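# Coordinate analysis (summary)
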Amino acid sequence: MQAARVRATVAPVSGGISAAGGFLVRFWGVRGSIAAPGPATARYGGNTSSIEVRCGDRLLLLDGGTGMRYLGNALLAEAPLDADLFLTHTHFDHVCGLPFFKPFFQPENRFRLWAGHLGSGLTLHRVLREFMMAPLFPVPPDVFKATIEYRDFKSGATLRLPGAHGVTVRTAPLNHPDGATGYRIEYAGKSVCYITDTEHVPGKPDRKVLGLMEGADIAIYDCMYTDEEFAKSYVGWGHSTWQEAVRLCKAAHVKKLVVFHHDPDHDDDRMDAIGREVAAAMPGAVVAREGMALTP
Ligand SMILES: [Zn+2]
Ligand SMILES: [Zn+2]
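Described below are features of the structure shown in this document.

The rules we used
Residues numbered from 1 in each chain as written. Chains lettered and ligands numbered in written order. Predicted model: local features only at pLDDT ≥ 70, side-chain atom pairs only at ≥ 80, totals over all residues. Heavy atoms only, no water. Donors = N, O, S within 2.8 Å, 3.2 Å for Na, K, Ca; no water. Helix = DSSP H or I, 4+ residues; strand = E, 2+ residues; numbered from the N terminus. Buried < 20%, exposed > 50% of the residue type's maximum accessible area, 1.4 Å probe, protein only. Salt bridge = Lys/Arg side-chain N within 4 Å of Asp/Glu carboxyl O.

### Re the coordination of the zinc ion (ligand 1)
Protein coordination at the zinc ion (ligand 1) comes from Asp-93 (OD), His-94 (NE2), Asp-197 (OD) and His-261 (NE2), with a distance range of 2.1 to 2.2 Å. The sequence motif formed by the donor residues of the zinc ion (ligand 1) is D-H-x102-D-x63-H. Between the zinc ion (ligand 1) and the zinc ion (ligand 2) there is a metal-metal distance of 3.7 Å. Taken together, the residues span a long stretch of sequence, with Asp-93 in helix α2 (residues 92-95) and Asp-197 in the loop between β11 (190-195) and α4 (207-213) at a distance of 104 residues. With relative accessibility at 7%, the residue Asp-93 sits in the buried group. Judged by relative accessible area, which is 2%, Asp-197 ranks as buried.

### Things to note about the coordination of the zinc ion (ligand 2)
Donor atoms from the polypeptide that bind the zinc ion (ligand 2) are His-89 (NE2), His-91 (ND1) and His-176 (NE2), placed at 2.1 to 2.3 Å. Counting the intervening residues between successive donors of the zinc ion (ligand 2) yields the motif H-x1-H-x84-H. Taking the relative accessible area as the measure of exposure, His-89 reaches 0% and is therefore buried.

### Quick look at the pattern of salt bridges
Counting across every chain of the model gives 16 salt bridges. As a salt-bridge pair, Asp-269 and Arg-43 come within 3.3 Å of each other at their nearest N and O atoms. A residue pair is termed long-range when its members are at least 10 positions apart, and Asp-269 in helix α7 (residues 268-281) and Arg-43 in the loop between β2 (23-29) and β3 (50-55) qualify at 226 residues. Residue Arg-151 pairs with Glu-149 through a salt bridge whose shortest N-O separation is 2.6 Å. When salt bridges that share partners are traced, they join Arg-58, Asp-82, Asp-84 and Arg-112 into one network.

So this is what it looks like as structure tokens:
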């Protein structure tokens, strides 16, 4: 793959954006496990996973954490929308923004919701109905007015998006409690990987992750912990480290690493320090923050 030119810009988190026919990734929620708002996390952001991807005129959404509410507000003016939402999995921090995504209440919109981690007879529609159910939640997903199609698949499949010629979405299973799916979006000769939530086994690089990442221009990866924190307290919790991300990205010839799914207890100063260490270990690596936009 040819040498990549990767630009990072920090843009205001308001208003719709245009990829001007290109490939663009914008971060609306970067936090793991639970939203962590407050003055100590204001610079990187406290919202949980939500990413907007533009491939020309196609809109792809990654995960439905609390950041998705802000993304939805910015998208209102773009109705009618026809978009695909890819869920890594259905743990709360990745779906709790869905009921507050206003474009789901605009009847002129159409969304396809994709999930590949569910087995044993479960479907995404059923899981969302059980999550949006009394007494946990006041209204069921039937209140959405947009046309919503639920697309269950098996992690590892390559997905075909209706009418999206030129966009390929490859997937791989991740190592996470209840399962999760990693994604690789390919468009215009470039590629972006979204790999969260996943736990590594020290000394044994995950071959499926390496296969998905190979040669990618950008890899967004679960860097919830440091190697030290992981070894001391978090084996079996389903997450990885920024040091493992660097090892994987180097082995898979990834051009740019984006540190993602920040520990809610890692405040801005801590993220600054991690950012310095990551950039020293892998030049060009960046820590995801709300409002950051990248062009592969
Ligand atoms: Zn998570
Ligand atoms: Zn999870």
